[in-house]
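# Working through the structure, step by step
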Amino acid sequence: SQQGEEDPQALSIQEGENATMNCSYKTSINNLQWYRQNSGRGLVHLILIRSNEREKHSGRLRVTLDTSKKSSSLLITASRAADTASYFCATAQTTDSWGKLQFGAGTQVVVTP
Amino acid sequence: GAVVSQHPSRVICKSGTSVKIECRSLDFQATTMFWYRQFPKKSLMLMATSNEGSKATYEQGVEKDKFLINHASLTLSTLTVTSAHPEDSSFYICSVSKGPNSPLHFGNGTRLTVT
C-alpha cells in the first residue's frame, strides 16, 4: 500500500516564486527522501533526511521533517522553468529496508517563465 | 555521470513474447538491486529485490514466474517479462543503493508497450 501522500497533486507557479509541497506518511520511518522525475525519465535523488533530523538544505531546496506529525515538506525557492517535474517523497521504514522505498503519488509542478 | 544504465529505454512487443530489460551499476558493485514499476501518473511500486548470486525477493502480489530476475554479476541485473500481455505495459525502473541511509540511484527506465 502507498505510504506517502503528497499534497498538492499539482502545482502551477511562475518563475521566481517559491513552490511548497507536503508529504504525509503512516508508519514510523528510518529516513525520508525526496526525488524528482522529469516526464518519461528515471528519478533523481534530491535530499535524504533521517528520522532524527528536522531540516536539511541543498541549494534552493529545503526539506523539513516532523516525525510527530508524520509529515515532511519540500520547498523550492526562486523556482525556474527547469524545475518543472514531478516530485515524489519516499520513506524507508527500517534500516534493513533501505532499498525498499514506499513512494507517494507525487506532486506535478509546472513553472511557467 | 550516470550511476545506473538501463536498456532498452523503450520497447514494443506483441502479446505472448518475452522482453528482457538490463540494469547495470556503473559506479559501484551492487550485491542488491531494486526493480520498480510505475503506472501512468502514479507512484512507483517495488516489484522485487535482486540479489547477486541468489534468488530474487518478490513483493506480495508480484508473480515471480512472470517477472524473472537474474543477478549474475555484481554490476548487472536483468528483468525478463515473460509471455507479456497488454496489462504488463508499464514503466519499469531499476535502482541501486550503497546501503542504509544512502539514496537510491535510478536508471532512466524502460517503457514497455505490449500490443
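Look a little higher up for the structure.
Definitions and limits used
Residues numbered from 1 in each chain as written. Chains lettered and ligands numbered in written order. Predicted model: local features only at pLDDT ≥ 70, side-chain atom pairs only at ≥ 80, totals over all residues. Heavy atoms only, no water. Helix = DSSP H or I, 4+ residues; strand = E, 2+ residues; numbered from the N terminus. Rg over C-alpha atoms; globule rule 2.2 N^0.38 Å. Buried < 20%, exposed > 50% of the residue type's maximum accessible area, 1.4 Å probe, protein only. Contact = heavy atoms within 4.5 Å. Areas by Shrake-Rupley, 256 points an atom, 1.4 Å probe, with all protein chains shown as cover. Lys, Arg positive; Asp, Glu negative; His and termini not counted. Charge placed at Lys NZ, Arg CZ, Asp CG, Glu CD. Pairing = 2+ DSSP bridges. Axes fitted to C-alpha atoms, helices over the stretch in contact; angles between N-to-C directions. Salt bridge = Lys/Arg side-chain N within 4 Å of Asp/Glu carboxyl O. Disulfide = S-S within 2.5 Å. Phe/Tyr/Trp six-rings, centres within 6.5 Å; stacked < 30°, edge-to-face > 60°.

Bringing the overall build of chain B into the picture now. A count of helical and extended segments in chain B gives zero helices and eleven strands. Element order for chain B, N to C, with α for helix and β for strand: β-β-β-β-β-β-β-β-β-β-β. A globule of 115 residues ought to have a C-alpha radius of gyration of about 13 Å, and chain B, at 13 Å, matches this closely. Judged by the C-alpha coordinates and their principal axes, chain B covers about 40 × 30 × 20 Å. A total of 115 residues make up chain B; the buried ones form 50% of that total. Taking as baseline every contact in chain B between residues at least 6 positions apart, the subset at least 24 positions apart corresponds to 52%. Split by element, the accessible area of chain B, about 5,700 Å² in all, is 50% carbon and sulfur. In chain B, 12 positive and 8 negative side-chain charges are present, and the distance between their average locations comes to 6 Å.

For the rest of this paragraph, the subject is the sheet that holds strand 8 (residues 71-76) of chain A. All names here are of chain A. The strand order across the open sheet built from five strands is 1-3-8-7-6, with neighbouring strands paired in antiparallel fashion. The sheet is open, and its two edges are formed by strand 1 (5-7) and strand 6 (55-58), each paired on a single side. If you compare each strand with its neighbour and ignore which way they point, the axes differ by 15° on average. Two strands pair when backbone bridges link them, and strand 6 and strand 7 (residues 61-66) are joined in this way by four bridges, in the antiparallel orientation. From the neighbouring strand, Ser58 faces strand 7, where its bridge partner is Leu61.

Now for the pattern of salt bridges. If you walk through the whole model with that rule in mind, you get four salt bridges over all chains. Here Arg62 of chain A ties to Glu55 of chain A by a salt bridge, and the two come within 3.1 Å at their closest N and O atoms. We note a salt bridge from Lys66 of chain B to Asp88 of chain B, for which the minimum N-O separation is 2.8 Å. Separated by 22 residues along the polypeptide, Lys66 of chain B in the loop between strand 6 (57-58) and strand 7 (67-73) and Asp88 of chain B in the loop between strand 8 (76-81) and strand 9 (90-97) bring together distant segments of the chain. For Asp88 of chain B, a relative accessible area of 4% gives the class buried.

What follows is about the state of the cysteines. Residues and elements named next belong to chain B. This model, assessed by the stated rule, comprises two disulfides over all chains. Between the sulfur of Cys23 and that of Cys94 lies a disulfide, 2.0 Å long from S to S. Sign of the S-S torsion, about 85° for the bond between Cys23 and Cys94, identifies this disulfide as right-handed. One end of the pair, Cys23, is in strand 3 (residues 19-25); the other, Cys94, is in strand 9, with 71 residues separating them in the sequence. Take Cys13: it sits in no disulfide, and the sulfur closest to it among the cysteines is that of Cys94, at 18 Å.

A separate point is the packing of aromatic side chains. Tallied over the entire structure, the rule returns seven aromatic pairs over all chains. Ring geometry for Tyr35 of chain A versus Phe106 of chain B: centroids 5.5 Å apart, planes at 90°, classification edge-to-face. Highlighted residues: Tyr35 of chain A in strand 4 (residues 31-37) and Phe106 of chain B in strand 10 (residues 104-106), drawn from two different chains. Neither Tyr35 of chain A nor Phe106 of chain B differs from the other in exposure class; each is buried.

Quick look at unusual backbone geometry now. Residue Pro8 of chain A follows Asp7 of chain A across a cis peptide bond; omega there is 0°. Among the structural elements, Pro8 of chain A can be located in the loop between strand 1 and strand 2 (10-14). The phi dihedral of Ser83 of chain B is positive, around 40°, even though this residue is not glycine. Relative to the helices and strands, Ser83 of chain B resides in the loop between strand 8 and strand 9. For Ser83 of chain B, a relative accessible area of 35% translates into the label partly exposed. Look at Asn101 of chain B: it is not a glycine, yet its phi comes out positive at around 60°. Within the fold, Asn101 of chain B resides in the loop between strand 9 and strand 10.

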